[in-house]
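Here's the letter readout for the chains.
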Amino acid sequence: MDEPGRTEPHLGQNPYAYPTAIAPDTPPAGAASAAQTVYPVEFTATAGEYFRIWIVNLALTILTLGIYSAWAKVRKKRYFYGHTLIDGDSFDYRANPVAILKGRLIAFALFAAYTFGGKISPLIGGLFALVLVFAVPWFIVRSLAFNAHNSAYRNIRFNFRGAYKELLKIMIGGGILVIVSLGTGYPYLKARLVRFAASYHSYGTSSFELDRITKSLYGVYLKAFGLAILGFSVIGTGAAVLGIFKGARGGMSAGILLFMAGIYLTYLLVFAYAHARTTNVTLNALAVGPLRFTSTLGARDLAGIYLVNIIAIILTLGLATPWAVVCTMRYRTRKTTLIAAGSLADFVGTQTGNVSATGEEVGEMFGFDFGL
């Protein structure tokens, strides 16, 4: 289903290629064969530490009417990056909060203009909507570039060199396809968007590569759709039967409550399934230099985590949010590993030499972020 005749960036033969059939339960680093080394992704953050960051961020964001949210984002990302480790070293987040604030002010101004313009005149609202259609891809490209440039591992930055015009074509063409196909073209659009985001990223001078995932995404979304149909059918039948046998008002109320609870539970299960499977498909097809990624998220595990998180957040009036975030991140990282054809240190060393020789030509040309 990938676009015929189009040469995707960075999809050439990987000089470090090796077999990709890796068992889900991988051994600790150093236990693999000499040709391959397994590096688990570690997450050392704690709910208690993050709660202190989160509560201060929340209070200051409210007191400053949202202005502090840019600093809150940087504090949060620095904490999570600093506690995400591969081979004993953590990631760095180096963004300037002022740059994030500038981007958010621009995005807020455009959204406000669209909202109030529509109230003044449908024509003005339509014109602003048209402007947003062309502006959103630019926002996304700038955000991806900003966040990549301000992310680093072992003092080597990531980069993103995707072009606005290409993303605009993908979003407009894919959007039309989704509408005309009554939604069945969405996995194709999703695959193209993921490919655009992945294949234009690089670590140092090594570009990321993504195998074709369109067919796999169609399988995921088809199964998710079938799961939703099955869940809604069972719920509807159960609610109807309960209403028939208890024709009294109390019986009907019980049927409605059962139906609503079932709807939310089914949505949770379908969302968890789609998220787990699409993440696995994407990461298992991703590579950079001699490194490949593996992801083994379980749909039922993720659904259980989501359900417990929701209940905890409701019962604590939101105060369990930091615990829920850390719990989810810990599970996701525990199910993610890197497989290196050789030594990770050797690969990083080559990037250090290449970067120092070529320089970081992108520099600060990506001066602000839109928080997308």
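Refer to the structure printed above.
Residues numbered from 1 in each chain as written. Predicted model: local features only at pLDDT ≥ 70, side-chain atom pairs only at ≥ 80, totals over all residues. Heavy atoms only, no water.

1. Points about the overall build of the protein
Piece 1. Scanning the protein for helices and strands turns up 11 helices and 10 strands.
Piece 2. Residues counted as buried form 42% of the 372 residues belonging to the protein.
Piece 3. Long-range pairs, those at least 24 residues apart, make up 73% of the contacts in the protein between residues at least 6 apart in sequence.
Piece 4. Of the roughly 19800 Å² that the protein leaves accessible, carbon and sulfur atoms contribute 70%. (Helix = DSSP H or I, 4+ residues; strand = E, 2+ residues; numbered from the N terminus. Buried < 20%, exposed > 50% of the residue type's maximum accessible area, 1.4 Å probe, protein only. Contact = heavy atoms within 4.5 Å. Areas by Shrake-Rupley, 256 points an atom, 1.4 Å probe, with all protein chains shown as cover.)

2. Brief notes about the pairing of strand 1 (residues 37-43)
Piece 1. Along strand 1, 5 of the 7 residues are buried, which leaves the element largely enclosed by surrounding structure.
Piece 2. For strand 1 and strand 10 (residues 336-340), the ladder comprises 4 bridges, and the chain directions are antiparallel. Across the sheet, the residue bridging to Thr37 is Ala340, located in strand 10.
Piece 3. In this structure, strand 1 lies alongside strand 2 (residues 84-86), joined through 3 bridges in antiparallel fashion. Within strand 2, the position partnered with Glu42 by the bridge is Leu85. (Pairing = 2+ DSSP bridges.)

3. Quick notes on the sheet that holds strand 7 (residues 206-210)
Piece 1. Pairing is antiparallel around the closed barrel formed by 10 strands, whose spatial order is 1-2-3-4-5-6-7-8-9-10. Within this sheet the neighbouring strands show an average axis-to-axis angle of 30 degrees, counted without direction.
Piece 2. The sheet strands contacting helix 10 (residues 321-334) are strand 1 and strand 10, and the helix crosses strand 1 at an angle near 180 degrees. (Axes fitted to C-alpha atoms, helices over the stretch in contact; angles between N-to-C directions.)

4. Some words on helix 1 (residues 47-63)
Piece 1. Helix length check: helix 1 (17 residues) gives 24 Å between terminal C-alpha atoms against 24 Å at 1.5 Å per residue, within 8%.
Piece 2. For helix 1, the full list of buried residues reads Tyr50, Ile53, Trp54 and Asn57. Buried residues of helix 1 fall within an arc of 100 degrees about the axis and therefore sit on the same side. Those residues of helix 1 that are exposed and aimed more than 90 degrees away from the buried face are Arg52, Ile62 and Leu63. (Expected span 1.5 Å × (residues − 1). Arc of directions from axis to C-beta.)

5. As for a nonpolar patch on the surface
Piece 1. Together, Ile55, Val56, Leu58, Leu60, Ile62, Leu63 and Leu319 give the surface a local cluster of nonpolar side chains, amounting to about 600 Å² of exposed area.
Piece 2. Positionally, Leu60 belongs in helix 1. (Patch = residues over 30% accessible without salt bridge, like charges linked within 9 Å, V, L, I, M, F, W, Y side chains within 5 Å. Salt bridge = Lys/Arg side-chain N within 4 Å of Asp/Glu carboxyl O.)

6. Focus on the pairing of strand 7
Along any regular strand, the residues point their side chains to alternate faces of the sheet.
Piece 1. The element strand 7 is extensively covered by neighbouring structure, given that 4 of its 5 residues are classed as buried.
Piece 2. Relative to strand 7, strand 6 (residues 201-203) runs antiparallel, the two being bridged by 2 bridges. Residue pairing in the sheet places Tyr203 in a bridge with Ser206 of strand 7.
Piece 3. Remark: 2 residues form the turn of the hairpin made by strand 6 and strand 7, two consecutive strands paired antiparallel; Gly204 in that turn has positive phi of roughly 65 degrees.
Piece 4. Bridge count between strand 7 and strand 8 (residues 286-288): 3 bridges; the pairing is antiparallel. Following the sheet pairing, Phe208 is matched in strand 8 by Val288.

Worth remembering: the numbers are spatial, not functional.
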